[in-house]
Amino acid sequence: MTMAWTRRAEEVEIMDAGGYDGAEIRSNLADLRFFNRWFGGSRLAAMGLDEIIRPTAAATPPRQLTLLDVATATGDIPVYLAGWCAARGIEALVEGIDSNADILDEARRYQAGFKGKAANSARAVTLLHADACRLPHADQSIDVTLCSNFLHHLESAHAVEALREMRRVSRKGVVIVDLTRGPIAYAGVWLLTHLTTRNRVTRNDGPLSVQRAFTPDEMMSMARKAGLEQAEMRKTGPVRMLMTWKRR
């Protein structure tokens, strides 16, 4: 398949269009958890969080944190971050929001399945139905706001709105993990999704997500429009990028 990589694809993903049944969405979200666990999504979110909260010479490490995961999907990243914080002696209260009620139901089932120590991390996470562009939180009421593999689902104007809202509610900073658009990323995601799953939604939406993704330059431009002027960007490989913004 050929396409002009200078432009984003306009085709809507199956998950966004709602063209799936219950079994398909459960399988798709299980695929996303697998990709986050084994291909860096969860670790990148933790890396960005560490950059935001890492103490300076004049500050001590935090002992408590409030975190908000925007468009949480299956809720695996909030659980991972709660465990990451606990391992460092940080008590984390994590909230995950999503505007898709079907996805939130699956996230609740996923979290209810944890046993033993991992159940503590799952219990630290609260799930809420909410819109990323209209966060139901007061200004600077959350320490760190994150989102992973979400902004490419939005048109650029709405992505700026979501970034602006994340900035508004964040007291310490913002972490963004997302795909980056390009032929190498497309080939890698196409191959991964076709080797690891037979799920129709995953096989369609994975490669299409790369075609809809923003480039690092486009992401930085949107960040500036949203008021994240000092945001820092890095490509973490051919597929993903990490952007962090720390409130000065």
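This report concerns the structure included in the present document.

Conventions used here
- Residues numbered from 1 in each chain as written.
- Predicted model: local features only at pLDDT ≥ 70, side-chain atom pairs only at ≥ 80, totals over all residues.
- Heavy atoms only, no water.
- Helix = DSSP H or I, 4+ residues; strand = E, 2+ residues; numbered from the N terminus.
- Expected span 1.5 Å × (residues − 1).
- Buried < 20%, exposed > 50% of the residue type's maximum accessible area, 1.4 Å probe, protein only.
- Polar contact = N/O pair within 3.5 Å; in protein donor to acceptor, adjacent residues only side chain to side chain.
- Pairing = 2+ DSSP bridges.
- Axes fitted to C-alpha atoms, helices over the stretch in contact; angles between N-to-C directions.
- Contact = heavy atoms within 4.5 Å.
- Phe/Tyr/Trp six-rings, centres within 6.5 Å; stacked < 30°, edge-to-face > 60°.

The next thing to look at is helix α2 (residues 22-38). Counted at 1.5 Å a residue, the expected span for α2 with its 17 residues is 24 Å, and the 25 Å between its end C-alpha atoms agrees. The complete set of buried residues in α2 reads Glu24, Ile25, Asn28, Leu29, Asp31, Arg33, Phe35 and Asn36. The opening residue of α2, the one whose side-chain oxygen lies 3.2 Å from the backbone nitrogen of Ala23, is Asp21. Positive phi appears at Gly40, one or two residues downstream of α2, with a value of about 100°.

If you trace the 7 strands from one edge of the open sheet to the other, you get β3-β2-β1-β4-β5-β7-β6, paired in mixed fashion. Sheet topology places β3 (125-129) and β6 (232-235) at the edges, where each strand pairs with a single neighbour. Averaged over all pairs of adjacent strands, the angle between their axes in this sheet comes to 15°, without regard to strand direction. Pairing between strand β4 (residues 142-148) and strand β5 (residues 170-179): 6 bridges, direction parallel. Within β5, the residue paired with Ile142 across the bridge is Ser170. Packing of helix α7 (residues 156-169) onto the sheet brings it into contact with β1 (64-70), β4, β5 and β7 (240-246), and relative to β5 it is tilted by some 150°. Contacts between helix α10 (residues 216-225) and the sheet are confined to β5, β6 and β7, with β7 contributing the most and set at about 25° to the helix.

Burial analysis of β7 places 6 of its 7 residues in the buried class, the great majority of the element. Where β5 and β7 come together, 7 bridges link them in antiparallel fashion. Across the sheet, residue Gly173 finds its bridge partner in β7, namely Lys246. Counted along the chain from β6 to the antiparallel partner β7, the turn is 4 residues long, and its residue Gly237 has a positive phi close to 145°.

The residue Glu95 is located in strand β2 (residues 91-98) in this model. Reaching out from Glu95, the side chain makes a polar contact with the side chain of His137 at a distance of 2.6 Å.

Overall, the coordinates contain 5 aromatic pairs when judged by the stated rule. Between the aromatic rings of Phe34 and Phe35, the centroid separation amounts to 5.8 Å while the plane-to-plane angle is 65°, which identifies the pairing as edge-to-face. The exposure class assigned to Phe34 is partly exposed, which follows from its relative accessible area of 36%. Classification of Phe35 as buried rests on a relative accessible area of 10%. Ring centres of Phe35 and Phe39 lie 6.4 Å apart, and the angle between their planes is 65°; this geometry places the pair in the edge-to-face category.

Without other data, these values stay purely geometric and don't point to any function.
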